[in-house]
Amino acid sequence: MPDGPVAPIYKRLPVDQPVAFLTMDDGQTQLAQAHDLMQAAHIPFTMFLIAPVAAANPPFFQRLVAAGGVIEDHTLTHTSLRGKPYAVQRHEICGAKASLEKTFGTPMRFFRPPYGNYDQNTLRAVHDCGLQAAFYWSETVNKGKVRYQTPVHRIQPGDIILMHFRPAFVQDVTAALRAIHDAGLTPALLEDYLPPSGAAPAQKPPAGAYPPPAVSR
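Rules of the game
Every chain is numbered independently, its residues counted from 1 as its sequence is written. Local features in a predicted model are, by the rule used here, given only for residues with pLDDT of at least 70; side-chain atom pairs are given and counted only at 80 or more, and totals for whole chains, interfaces and linings are based on all residues. Only hydrogens and water are removed before side-chain values are computed, so all heavy atoms of the structure are retained for them. Elements are defined by DSSP. Helices are runs of H or I of four residues or more, strands are runs of E of two residues or more, and each kind is numbered from the N terminus. Think of it in three bands: residues with accessible area under 20% of the maximum for their type are buried, residues over 50% are exposed, and the middle band is partly exposed, with areas taken using a 1.4 Å probe on protein chains only. Ring pairs shown here join Phe, Tyr and Trp side chains whose ring centres sit within 6.5 Å, with only the six-membered ring taken for Trp; geometry is labelled stacked below 30 degrees between planes, edge-to-face above 60, and tilted in between. Here, a charge over a ring means that NZ of Lys or CZ of Arg falls within 6 Å of the ring centre while also lying within 35 degrees of the ring normal. By definition here, a helix of n residues has an expected span of 1.5 Å times n minus one. Buried Ala, Val, Leu, Ile, Met, Phe, Trp, Tyr and Cys residues that are joined via side-chain atoms within 4.5 Å together make up what is termed a nonpolar core. Any two residues whose heavy atoms approach within 4.5 Å at even a single point are treated as in contact. Any carboxyl oxygen of Asp or Glu within 4 Å of a side-chain nitrogen of Lys or Arg constitutes a salt bridge here. Patches were defined on residues exceeding 30% relative accessible area and lacking a salt bridge, with like-charge contacts within 9 Å and nonpolar side-chain contacts (Val, Leu, Ile, Met, Phe, Trp, Tyr) within 5 Å. Here the accessible surface of atoms and residues is derived via Shrake-Rupley with a 1.4 Å probe, and residues count as covered only by protein chains that are part of the display. Counted as positive: Lys and Arg. Counted as negative: Asp and Glu, with His and the chain ends omitted from the count. For the purpose of locating charges, the reference atoms are NZ of Lys, CZ of Arg, CG of Asp and CD of Glu.

Enquirer: How should unusual backbone geometry be read in this particular structure?
Expert: Most peptide bonds adopt trans geometry, and most residues besides glycine take a negative phi value. Of note, His42 is a non-glycine position whose phi angle comes to about 55°, a positive value. Relative to the helices and strands, His42 is located in the loop between helix H1 (33–41) and strand S3 (45–49). Overall, His42 belongs to the exposed group, its relative accessible area being 62%. Non-glycine residue Tyr115 carries a positive phi angle of around 65°. Tracing the backbone shows Tyr115 in the loop between strand S5 (110–111) and helix H5 (120–128).

Enquirer: Please explain the packing of aromatic side chains as it appears in this structure.
Expert: Per the counting criterion, the structure on display carries 9 aromatic pairs. Each ring, one from Phe60 and one from Phe61, has its centre 4.9 Å from the other, and the planes form 90°; the classification is edge-to-face. Each member of the pair Phe60 and Phe61 is classed as buried. Between Phe60 and Phe165, the aromatic rings sit 6.3 Å apart at their centres with planes inclined by 70°, giving edge-to-face as the arrangement. Of the two residues, Phe60 is situated in helix H3 (residues 58–66) and Phe165 in the loop between strand S9 (160–164) and helix H6 (169–182); the sequence distance between them amounts to 105 residues. Aromatic rings pair up to connect Tyr10, Phe48, Phe110 and Phe135 into one cluster. When the ring centre of Tyr86 is taken as origin, the NZ or CZ atom of Arg124, which lies over that ring, is 3.8 Å away.

Enquirer: Even after reading the chapter, I still don't get H6, so can you show me in this structure?
Expert: An α-helical turn contains 3.6 residues, so a residue and the one three or four places further along point in the same direction. Between its first and last C-alpha, H6 extends 20 Å over 14 residues, near the 20 Å set by a 1.5 Å rise per residue. By the criterion of burial, H6 is predominantly enclosed, with 10 of the 14 residues buried. Among the residues of H6, those classed as buried are Phe169, Val170, Asp172, Val173, Thr174, Ala175, Ala176, Leu177, Ala179 and Ile180. Immediately downstream of H6, the backbone of Gly184 shows phi near 75°, a positive value.

Enquirer: Is there a simple way to think about the nonpolar core in this case?
Expert: Among soluble globular proteins, nonpolar side chains are generally buried collectively. With 51 residues, the main nonpolar core has Met24, Met38, Phe61 and Phe169 as its most contacted residues. Ranked by residues supplied to this core, first place goes to H6 with 8 residues. Beyond its immediate sequence surroundings of up to four residues, Phe61 is in contact with Gly27, Gln30, Met47, Leu49, Val53, Ala54, Ile71, Phe104 and Phe165. Grouped together as the second largest cluster of nonpolar side chains are 13 residues, Phe110, Phe135, Ile160 and Leu194 included.

Enquirer: Help me understand the pattern of salt bridges, please; the structure alone is not making it clear to me.
Expert: Any two side chains of opposite charge can pair, on the condition that their charged atoms come close. Evaluated as defined, the whole model comprises 3 salt bridges. Between Asp159 and Arg12 there is a salt bridge, with its nearest N and O atoms 2.4 Å apart. Placement of the pair is Asp159 in the loop between strand S8 (145–148) and S9 and Arg12 in the loop between strand S1 (9–10) and strand S2 (19–26), with a sequence separation of 147 residues. Residue classification places Asp159 among the buried positions, given a relative accessible area of 0%. Among the salt bridges present, the one from Lys97 reaches Glu101, with a minimum N-O distance of 3.0 Å. Placement of the pair is Lys97 and Glu101 together in helix H4 (residues 86–104), with a separation of 4 residues, close to one helical turn. For Lys97, a relative accessible area of 15% puts it in the buried group.

Enquirer: Any chance you could explain a positive patch on the surface here in plain terms?
Expert: Taken together, the side chains of Lys143, Lys145, Arg147 and Arg166 define a basic patch exposed on the protein surface. Checked against the element boundaries, Arg166 lands in the loop between S9 and H6.

Now the structure itself:
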């Protein structure tokens with residue numbers, strides 16, 4: 001991790017292992033089948049949650065944590081941060097961090113700017129709020145379709161995949177895992193590949209690709 005007055009932001013992690021990272025944003029749409037799907041998939045994933053949304057229904061997200069998820073910071077109000085004064089951005093980021101830590105009792109380490117909109121004030125606030133890094137994405141998934149950000153329509157090692165808590169949650173998870181599988185990669189956890197200072201690095205994932213879960217339609 002680089003030192004300095006601003007946090008780094010990543011759209012892909014520089015890894016030497018065949019892994020990709022599934023992330024989920026916001027949290028408003030809370031489908032009853034989400035927990036069963038993620039428990040059946042048995043994979044790690046990161047949830048960047050809007051703090052008041054998460055605080056309104058902690059059990060829903062706690063069940064997803066039990067199924068392999070980790071909760072991280074996604075602001076208080078899901079506002080676009082780029083261009084806003086530093087004090088406003090710091091309030092959004094630090095306030096969400098404090099709220100999420102109070103709700104779930106675990107420390108927040110990472111941040112994702114809503115809509116991917118950020119500037120240097122954002123990264124300074126991330127750093128000053130005690131968060132380790134911010135994250136963009138390499139691919140998005142919506143309505144069961146993976147959308148690639150580069151001409152190479154294949155997930156690459158270290159790619160960060162963005163989806164949301166939306167009505168098509170089941171289809172989006174299935175599409176993301178199928179794309180990871182087809183690329184010969186294994187789902188991994190961001191938090192394992194950017195460990196806190198002094199922590200051990202991630203273990204090498206199992207050989208072979210992780211198959212997507214069977215989903216009843």
